[in-house]
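Commentary on secondary and tertiary structure
So you can see what is in the structure, the chains are spelled out below.
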Amino acid sequence: MPDAALPLLCPVCCGPLSRAGVGAAAARTLSCASGHSFDAARQGYFNFLVGKGTPFEPDSAAMVEARVNFLSRGHYLPLARAVAAAVVPSLGEHPAVLDSGTGTGHYLRAVLDASAAAGRPAAALGLDISKFALRRAARLNPEALNVVWDVWRPLPLADDSVDAVTVVFAPRNPAEFARVLRPGGRLVVVTPRPGHLNTVADLTGMLGLEESKEDRLGQAMAEHFDTHSAAPVDIPLELSRQDAADLALMGPAGHHLDRESVEARLAGVPEPLQAGARFQVTVFAVR
């Protein structure tokens, strides 16, 4: 159910959005004073992309299924805990969080649980361009507002409206993140480090890590943010062939790989497959 604590903006006219109707119907409709209205899909998410939509390719149903399968086995639980631990200290009196590129809502779930455990339950907005991912996110995080949106566009939030923005393997819009963060708020970004999943990439044909990715992150943020902290998160993995296939197909490589070819590459590989996930969790402060 959308949380009224979030100052949402209409994606058409940028006026304030609020719940429409009364009772149970109010939770399923958002409208502005100009008469623009948005109804929740049956699965519980909202679609704010109007007109031409987005030129970017959303994650497919198959990619989302692979991600749910992999993450549900707990392989990246240490990363989810690290993201939550980075967010909670920034939460204020009326905490609110934006998860930009929320995907299936896995990392936002950890943040919401940690904020509640700390006695500061947060309102939350999860944005993603994939309706298939948001169907899962709405199921996992029903207390959050889950919205189809292109994060390269102006965000549908008022200025100074959230304590934290989380970006886990998703596009980054520094100017908009700085605009919606409250004074003292934090931007938490997760990126892969050199050596990340090399073994799985070599076996399955996953995309390799771009050179100088960490340096480019700092450069991209420098106009609006200062680096507050950066910490590595290394996770040793013992994977079945099924795990490795899901891992390959759940990310960007899933746009050009198919399960049959990936499983053929993995056929006969001894189990468990030893691999290493290497992440960096960087916390930025608004300048």
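Here is a short report on the structure shown in this document.

Thresholds applied
- Residues numbered from 1 in each chain as written.
- Predicted model: local features only at pLDDT ≥ 70, side-chain atom pairs only at ≥ 80, totals over all residues.
- Heavy atoms only, no water.
- Helix = DSSP H or I, 4+ residues; strand = E, 2+ residues; numbered from the N terminus.
- Rg over C-alpha atoms; globule rule 2.2 N^0.38 Å.
- Buried < 20%, exposed > 50% of the residue type's maximum accessible area, 1.4 Å probe, protein only.
- Contact = heavy atoms within 4.5 Å.
- Pairing = 2+ DSSP bridges.
- Disulfide = S-S within 2.5 Å.
- Phe/Tyr/Trp six-rings, centres within 6.5 Å; stacked < 30°, edge-to-face > 60°.
- Lys NZ or Arg CZ within 6 Å of the ring centre and 35° of its normal.
- Polar contact = N/O pair within 3.5 Å; in protein donor to acceptor, adjacent residues only side chain to side chain.
- Salt bridge = Lys/Arg side-chain N within 4 Å of Asp/Glu carboxyl O.
- Axes fitted to C-alpha atoms, helices over the stretch in contact; angles between N-to-C directions.
- Parallel < 35°, antiparallel > 145°, perpendicular 65-115°, else oblique.
- Left-handed = near helix turned anticlockwise from the far one by under 90°.
- Nonpolar A, V, L, I, M, F, W, Y, C, P; charged D, E, K, R; others polar.

1. Considerations on the overall build of the protein chain
Each helix and strand in the protein chain was counted, giving nine helices and eleven strands. Here the C-alpha atoms of the protein chain give a radius of gyration of 19 Å, agreeing with the 19 Å that 2.2 N^0.38 yields for 287 residues. Dimensions of the protein chain, computed from the C-alpha atoms along their principal axes, are close to 60 × 40 × 35 Å. When each of the 287 residues of the protein chain is scored for burial, the buried share is 51%.

2. Things to note about the environment of Leu-181
Its location among the elements puts Leu-181 in strand β9 (residues 181-192). Separated by 26 residues in the primary sequence, Leu-181 and Leu-155 have C-alpha atoms spaced 11 Å apart. Other than its neighbours up to four places away in sequence, Leu-181 contacts Asp-160, Val-162, Asp-163, Ala-164, Val-165, Arg-186, Leu-187, Phe-225 and Val-286.

3. Quick notes on the sheet that holds strand β2 (residues 29-31)
If you trace the three strands from one edge of the open sheet to the other, you get β1-β2-β3, paired in antiparallel fashion. Edge positions in the sheet fall to β1 (18-19) and β3 (37-39), since each of these pairs with one other strand and no more. Note that β2 and β3 share three bridges and pair antiparallel. Bridging from a neighbouring strand, Ser-31 pairs with Ser-37 of β3.

4. Structural notes on the state of the cysteines
For the coordinates displayed, the defined rule picks out zero disulfides. You can see Cys-13 has no disulfide; the closest cysteine sulfur is in Cys-32, sitting 3.7 Å from it.

5. Topic: the packing of aromatic side chains
One pass over the full model with this rule turns up six aromatic pairs. Measuring from centroid to centroid gives 6.3 Å for Tyr-107 and Phe-169, while their planes differ by 80°, and the two rings are edge-to-face. In this pair, Tyr-107 is assigned in helix α3 (residues 106-117) and Phe-169 in the loop between β8 (162-168) and α5 (174-180), connecting sequence segments 62 residues apart. Judged by relative accessible area, Phe-169 falls into the partly exposed class, the value being 43%. Taking the centre distance of 5.5 Å and the plane angle of 40° together, the rings of Phe-169 and Phe-279 count as tilted. In this pair, Phe-169 is assigned in the loop between β8 and α5 and Phe-279 in strand β11 (residues 273-286), connecting sequence segments 110 residues apart. Taken together, the ring pairs connect Phe-70, Tyr-76, Tyr-107, Phe-169 and Phe-279 into an aromatic cluster. Arg-153 extends its terminal NZ or CZ atom over the ring of Trp-149, reaching a point 5.6 Å from the ring centre.

6. Some details on helix α9 (residues 259-266)
Sitting at the amino-terminal end of α9 is Asp-258, which places a side-chain oxygen 3.2 Å from the backbone nitrogen of Glu-260. Where α9 terminates, the next one or two residues include Gly-268, which has phi positive at roughly 85°.

7. Things to note about the pattern of salt bridges
This structure, assessed with the given rule, holds 14 salt bridges. Linking Asp-234 and Arg-193 is a salt bridge whose minimum nitrogen-to-oxygen distance equals 2.6 Å. Taken together, the residues span a long stretch of sequence, with Asp-234 in strand β10 (residues 225-239) and Arg-193 in the loop between β9 and α6 (198-204) at a distance of 41 residues. Since its relative accessible area comes to 44%, Asp-234 is described here as partly exposed. Asp-234 is paired through a salt bridge with Arg-278; the nearest N and O atoms lie 3.7 Å apart. In this pair, Asp-234 is assigned in strand β10 and Arg-278 in strand β11, connecting sequence segments 44 residues apart.

8. Quick word on the packing of helix α1 (residues 61-72) against helix α8 (residues 241-249)
Across the interface, α1 lies against α8 with an axial gap of 8 Å and an inter-helix angle of 135°. Here α1 lies oblique to α8, going by the angle between them. By crossing handedness, the relation of α1 to α8 is classed as left-handed. Each of Met-63, Ala-66, Asn-69 and Phe-70 in α1 lies in contact with α8, whose residues at this interface are Asp-243, Asp-246, Leu-247 and Leu-249. Taken together, the residues that form the contact of α1 with α8 break down as five nonpolar, one polar and two charged.

9. Let's talk about the side chain of Arg-193
For Arg-193, a relative accessible area of 11% translates into the label buried. Engagement of the side chain of Arg-193 in a polar contact is seen with the side chain of Asp-234, the distance being 2.6 Å.

10. Considerations on the pairing of strand β5 (residues 96-100)
Where burial is concerned, most of β5 is hidden: five out of the five residues are buried. Of the two faces of β5, the one carrying Ala-96, Leu-98 and Ser-100 and the one carrying Val-97 and Asp-99 are both buried. Bridge count between β5 and strand β6 (residues 123-128): five bridges; the pairing is parallel. Residue pairing across strands places Ala-96 opposite Ala-123, the latter belonging to β6. Of the pairings in the sheet, the one linking β5 to β8 comprises three bridges and is parallel in character. What sits directly across from Asp-99, in β8, is Thr-166.

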